Amino acid sequence: MRIAIAGAGPTGLFAAIALARRGHDITVVDRDPGPLPDGTWARAGVMQFHHPHAFRIQVVEALSDEAPEVLAALFEAGAERATVPGPPDAPEIAVGVRCRRLVFERVLRAAAESEPGVTMLCGHAEEVLVDRGRATGLRVDGHRLDTELVLDASGRSGRLTRGMRAPAQSGDCGVAYVSRQYRLRPGAEFGPMSMPIAGVAFYPGYGVIAFPHDNGIFSALVLRASDDRAFTGMREVPAYEAVVAAVPLLAAWTDPARALPITDVLPGGRLHNTYCGQLDRDGAVPLPGLVFLGDTVCTTNPAAGRGVATSLTQVRQLLALLDEGAAADIEAATRAFDAWCTGTIKPWFDDHVDCDAGLAARWAGEDVDLSRRLPSDLIGAACEVDPSLMRVVGPYLGMQALPGSLDVVESRVREIYASGWRPPVPAGPTRDELADLVARAARREPVASA
Ligand SMILES: Cc1cc2nc3c(=O)[nH]c(=O)nc-3n(C[C@H](O)[C@H](O)[C@H](O)COP(=O)(O)OP(=O)(O)OC[C@H]3O[C@@H](n4cnc5c(N)ncnc54)[C@H](O)[C@@H]3O)c2cc1C
């Protein structure tokens, strides 16, 4: 089958390779020409590209099953396995892969470019071609690209198919990113880790995460409430450096004796949880032969690092449907895919909406709300009091079990919070102390750490 894919991000590239290996004739359209010969890549239009990414086990499994040499190439390029200890006398358990998004996508794109059956076309996909109520290809920079199937993998900012589906469910995640990349000095090691894939510390009103990547490079991320204007000045280097030096976890990672910055301070745009199924307002498939994939279906608060996992998992489900002969009735297959997304992807959206609302309330000074179901992040935190909860919480954290799997421990966790216990706040400045540092840096006053 001839297939056009709009968007050469992780979703489009992975889909292209996997579909070509099933004998399909693939053209991937993206307006981005790809990395420069020296490997640098501005990636305009994908604002998160240089922000920290962690890649979960679902991403590793997808590559391992569909294109194992891409995984090998990633490790060759400096990516590292993230693991947790296994049971006694058993090997460590892989939980993901650590590398910059730049490295991940450069390797994936190179693989797609050299894949027989994949054509990479640099251009702007202007519209989906339609004939007798079916999608029949794309118009790219004024030229027709005729195909039998069109996949929209144009990401969270894509406009190609805007208005075709029922409106997305969407809401602000309530957090904004400010990050910067650093490189370890020769012989230095990454800083303290509290999770297999990152070092994390959350405070009332802000949070910090350190993400180890490839080749001794890591990102230091400061998360603030998206409506907290006091932190907007953090995009300036002096304010960012004052903040990073003041918060113990990031101070340890970014100690100049350990590492030096290699990028500017990177502010982030607004972040949304969104879910948009395959169907239109009337519950119909808007255009048989057009399927939406990746971030065009779901985006979630990126701090949990779920986006590429949910995207590649969608691709794998579509592959499974096509393997079963979906092309014979693409409309029915699109409905089946939509039902699967509703059952398997949307719960992650719902979970983030719930957790993010709870976090925003707590950051605004409210206590844990015991009058409603506890959000999943609070259920996870309670493992500190009762480690036996990890039997249920662990598969959720690893995305091997849907958020609803936590329901069986909710009443036990409720008892823990009802007893007055709250997740401990690590040592470090308060939100007000940090905001004061940012304000002083903006006034160019000396900002010795709090
Ligand atoms: C700040 C931030 C941090 C994140 N961190 C993580 C993380 O740690 N782990 C994780 O798994 N996920 C993370 N995510 C989510 C992850 O980045 C996305 O899930 C991922 O980019 C989705 O890939 P995609 O291919 O669907 O879309 P994209 O990566 O957005 O790619 C879409 C592509 O389509 C192209 N395009 C769009 N429209 C057109 C058009 N009309 N014509 C031609 N080309 C077009 C664009 O140029 C782009 O290349 C993060 C997201 C954000 C915002």
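Provided above is the structure to which this section pertains.
Owing to the predicted nature of the structure, the values given are computational and were not obtained by experimental measurement. (Residues numbered from 1 in each chain as written. Predicted model: local features only at pLDDT ≥ 70, side-chain atom pairs only at ≥ 80, totals over all residues. Heavy atoms only, no water.)

Focus on the sheet that holds strand β11 (residues 169-172)
Spatial strand order, β11-β18-β20: three strands in an open sheet with antiparallel pairing. The outermost strands of the open sheet, each flanked by one partner alone, are β11 and β20 (298-299). In this sheet, β20 lies alongside strand β18 (residues 272-275) in antiparallel orientation, the contact comprising two bridges. Each bridged residue has a counterpart across the sheet, and for Thr-274 the counterpart in β20 is Thr-299. Its contacts with the sheet place helix α9 (residues 346-363) against β11, β18 and β20, and it is angled at close to 150° to β18. (Pairing = 2+ DSSP bridges. Helix = DSSP H or I, 4+ residues; strand = E, 2+ residues; numbered from the N terminus. Contact = heavy atoms within 4.5 Å. Axes fitted to C-alpha atoms, helices over the stretch in contact; angles between N-to-C directions.)

Let's talk about the packing of helix α5 (residues 237-246) against helix α13 (residues 431-442)
Relative orientation of the contacting elements α5 and α13 amounts to 150°, with a least axis distance of 8 Å. Taken together, the axes of α5 and α13 lie roughly antiparallel to each other. Note on packing geometry: the crossing formed by α5 with α13 is right-handed. Seen from α5, the contacting residues are Pro-238, Ala-239, Ala-242, Val-243 and Ala-246; seen from α13, they are Leu-434, Leu-437, Val-438 and Ala-441. Its residues placed into classes, the contact of α5 with α13 shows nine nonpolar, no polar and no charged. (Parallel < 35°, antiparallel > 145°, perpendicular 65-115°, else oblique. Left-handed = near helix turned anticlockwise from the far one by under 90°. Nonpolar A, V, L, I, M, F, W, Y, C, P; charged D, E, K, R; others polar.)

Details of the state of the cysteines
If you walk through the whole model with that rule in mind, you get zero disulfides. In this model Cys-355 remains outside any disulfide bridge; the closest cysteine sulfur is found in Cys-173, 11 Å from its own. (Disulfide = S-S within 2.5 Å.)

Digging into the site of the ligand
Around the ligand, 33 residues are found, and the nearest of them are Thr-11, Asp-30, Arg-43, Ala-54 and Arg-101. Note that a nitrogen atom of the ligand is positioned 3.3 Å from one of the side-chain N or O atoms of Arg-31. Val-308 places a polar main-chain atom, nitrogen or oxygen, 2.8 Å from an oxygen atom of the ligand. Expressed as a share of its isolated accessible area of 1,000 Å², the protein-covered part of the ligand is 98%. Elements supplying a minimum of two residues to the shell around the ligand: α1 (10-20), β2 (25-30) and α7 (307-323). Tallied by class, residues from the shell around the ligand come to 13 nonpolar, 13 polar and seven charged. (Near = heavy atom within 4 Å. Polar contact = N/O pair within 3.5 Å; in protein donor to acceptor, adjacent residues only side chain to side chain. Areas by Shrake-Rupley, 256 points an atom, 1.4 Å probe, with all protein chains shown as cover.)

A few points about the sheet that holds strand β5 (residues 93-98)
Ordered by their spatial adjacency, three strands build an open sheet running β3-β5-β4, and the pairing between neighbours is antiparallel. With one partner strand each, in any of the chains shown, β3 (55-56) and β4 (80-84) form the two edges of the open sheet. Here five bridges tie β4 to β5, and the two strands are oriented antiparallel to one another. If you follow Arg-81 over to β5, its bridge partner there is Val-97.

Description of the nonpolar core
Formed by 88 residues in total, the largest nonpolar core has its most connected members in Ile-5 and Leu-138. Per-domain counts for this core show at least three residues from each of domain 1 (2-170 + 272-348) and domain 3 (368-421). The residues touching Ile-5, leaving out its near neighbours within four places in the chain, are Gly-12, Ala-15, Ala-16, Leu-19, Ile-26, Thr-27, Val-28, Val-29, Leu-151 and Ala-153. Tyr-182, Trp-253, Val-265 and Ala-441 belong to the second largest nonpolar core, which has 29 residues in total. (Core = buried A, V, L, I, M, F, W, Y, C linked by side-chain atoms within 4.5 Å. Buried < 20%, exposed > 50% of the residue type's maximum accessible area, 1.4 Å probe, protein only. Domains from an automatic or database assignment.)

So, the side chain of His-51
Assignment of secondary structure puts His-51 in the loop between β2 and β3. The exposure class of His-51 is buried, given its relative accessible area of 5%. At a separation of 3.2 Å, a polar atom in the side chain of His-51 contacts the main-chain carbonyl oxygen of Pro-267.

With respect to unusual backbone geometry
Unusually for a residue other than glycine, Arg-132 sits at a positive phi of about 50°. Relative to the elements of secondary structure, Arg-132 occurs in the loop between β7 (125-131) and β8 (134-140). Its identity as a non-glycine residue notwithstanding, Met-399 has a phi of 60°, on the positive side. The buried category is assigned to Met-399, whose relative accessible area is 12%.

So, the pairing of β7
As defined by bridge partners, β7 adjoins β8 across six bridges and the pair is classed as antiparallel. Residue pairing for β8: Glu-127 is matched across the bridge by Arg-139. Counting the residues that bridge the hairpin from β7 to β8 gives two residues, and of these Arg-132 lies at a positive phi of roughly 50°.

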